[in-house]
Amino acid sequence: MGSLAWEVIGVIDTEGDRAEWTFAADPGVVRTARAAVRRQLRTWDLDSVGDTAALLVSELVTNSLRHATGPIGVRLVRPAGLSKVLLVEVSDTLPVPPRERPARPDDESGRGLQLVASSSRRWGTRPDGAGKTVWFELALPG
């Protein structure tokens, strides 16, 4: 598998079922974050949303790499009482919230938040202690 730059903080089983990781701000983190998300969703028997969740996490982690410095957090939560929802959060050290912007046809970037907005149930941002968290919800089947 090679040397991947990531540190697992832990998988925490609580009422809402959660998994949380912190990754170094390294280019290989995008692939590693995708793999961690897919692996956890497989464990929870949620393969049906694995591709979408991994794609959107890739977009948000890439944004964090481009615009922030320091560690990048990824968290999956199956909220207690909301059995049909998966909450996904990506945190970084930049306090400025991302802005959705129109991308021209020849632009090589700028579509990540549009993808998050169109593929998720809902999404948003919130400040946290040392930066911000961008979150989205995916509807679960069943």
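The following paragraphs examine the structure supplied in this document. Within every chain, residues take consecutive numbers counted from 1 along the sequence as written. Only residues with pLDDT of at least 70 are given local features in this predicted model, and only at 80 or more are side-chain atom pairs given and counted; all residues enter the totals for whole chains, interfaces and linings. Just so you know, side-chain values use all the structure's heavy atoms and leave hydrogens and water out.

## Quick look at the pairing of strand E5 (residues 122–128)
Which entries qualify depends on this criterion: Following DSSP output, two strands are said to pair if at least two bridges run between them. For the purposes of this entry, the term helix denotes a DSSP run of H or I that reaches at least four residues, the term strand denotes a run of E that reaches at least two, and both are numbered from the N terminus.
Sheet analysis places E5 next to strand E6 (residues 131–139), joined by seven bridges and oriented antiparallel. Bridging across to E6, threonine 125 finds its partner in valine 134. Taking the residues between adjacent antiparallel strands as the criterion, E5 and E6 are bridged by two residues.

## Things to note about helix H2 (residues 50–67)
For clarity, the cut-off: To estimate how far a helix should reach, multiply one less than its number of residues by 1.5 Å. Buried, partly exposed and exposed residues are distinguished by accessible area as a fraction of the type maximum, computed with a 1.4 Å probe on protein chains only: under 20%, between the cut-offs, and over 50%, respectively. Throughout, a contact is declared for two residues whenever any of their heavy atoms are within 4.5 Å.
Taking 1.5 Å as the rise per residue, H2 with 18 residues should run 26 Å; its terminal C-alpha atoms sit 26 Å apart, in good agreement. Residues of H2 that are buried: Gly50, Ala53, Ala54, Leu56, Val57, Ser58, Leu60, Val61 and Ser64. Contacts made by the buried residues of H2 are with helix H1 (29–43), strand E3 (72–77), strand E4 (85–92), helix H3 (112–119) and E6.

## Focus on the side chain of serine 91
Short version of the rule: Between N or O atoms, a polar contact is any pair within 3.5 Å; within protein, one atom must be a potential hydrogen donor and the other a potential acceptor, and residues adjacent in sequence are included only when both atoms are from side chains.
Relative to the assigned elements, serine 91 resides in strand E4. Side-chain polar atoms of serine 91 contact the side chain of threonine 133, separated by 2.7 Å. Not counting chain neighbours up to four residues away, the residues in contact with serine 91 comprise Pro71, Ile72, Gly73, Asp128, Lys132 and Thr133.

## A short note on the pattern of salt bridges
Should the charged atoms of two oppositely charged side chains come close, the side chains can pair. For clarity, the threshold we go by: We define a salt bridge as a side-chain nitrogen of Lys or Arg found within 4 Å of a carboxyl oxygen belonging to Asp or Glu.
With the rule as written, the count across this model stands at seven salt bridges. Close ionic contact of glutamate 89 with arginine 75 constitutes a salt bridge, the shortest N to O distance being 2.7 Å. Placement of the pair is glutamate 89 in strand E4 and arginine 75 in strand E3, with a sequence separation of 14 residues. Here glutamate 137 and arginine 122 are joined by a salt bridge, their closest N and O atoms 2.9 Å apart.

## Notes on the layout of surface pockets
Put simply, the rule is: Here a cavity is any set of points on a 1 Å grid over the protein atoms alone where a 1.4 Å probe fits but cannot get out, and a pocket is any open set with protein on both sides within 12 Å along at least 5 of 7 lines; a residue lines the site when it has an atom within 4 Å of a point. Grid points are joined across faces, edges and corners, and a volume is the space filled by probe spheres set on the points. For this scheme, ten residues count as nonpolar: Ala, Val, Leu, Ile, Met, Phe, Trp, Tyr, Cys and Pro. Four count as charged, namely Asp, Glu, Lys and Arg, and the remainder, Gly too, count as polar.
By volume, the largest pocket is sized at about 560 Å³. For the lining of the largest pocket, the secondary-structure elements that each account for two or more residues are H2, H3 and E6. Ranked by the residues each element gives to the lining of the largest pocket, the list is headed by H2, at eight residues. Of the residues contributing to the lining of the largest pocket, the split by class is nine nonpolar, nine polar and eight charged.

## Focus: the pairing of E4
Looking along a regular strand, one sees side chains alternate from face to face of the sheet. E4 sits mainly inside the fold: eight of its eight residues count as buried. Note: E4 against E6, eight bridges, orientation antiparallel. Along E6, the bridge assignment pairs valine 85 with alanine 139.

## Examining unusual backbone geometry
Here aspartate 45, not a glycine, exhibits a phi torsion of approximately 60°, which is positive. Structurally, the position occupied by aspartate 45 is in the loop between H1 and H2.

## Points about the packing of H1 against H2
Counted only if it meets this: For helices, the axis comes from a line fit to the C-alpha atoms of the stretch in contact; other axes are also lines fit to C-alpha atoms, and the angle between any two N-to-C directions lies between 0 and 180 degrees. Angles below 35 degrees are treated as roughly parallel, those above 145 as roughly antiparallel, those between 65 and 115 as roughly perpendicular, and all remaining angles as oblique. With the far helix as reference, a near helix turned anticlockwise by less than a right angle produces a left-handed crossing, and one turned clockwise produces a right-handed crossing.
The N-to-C vectors of H1 and H2 enclose an angle of 150°; their axes lie 9 Å apart at closest approach. Classified by the interaxial angle, the pair formed by H1 and H2 is roughly antiparallel. The chirality of how H1 crosses H2 is right-handed. Between H1, through Val29, Val30, Ala33, Arg34, Val37, Arg38 and Leu41, and H2, the contact on the second element is made entirely by Gly50, Asp51, Ala53, Ala54, Val57, Ser58, Val61, Thr62 and Leu65. Along the lines of polarity and charge, the residues of the contact of H1 with H2 split into ten nonpolar, three polar and three charged.

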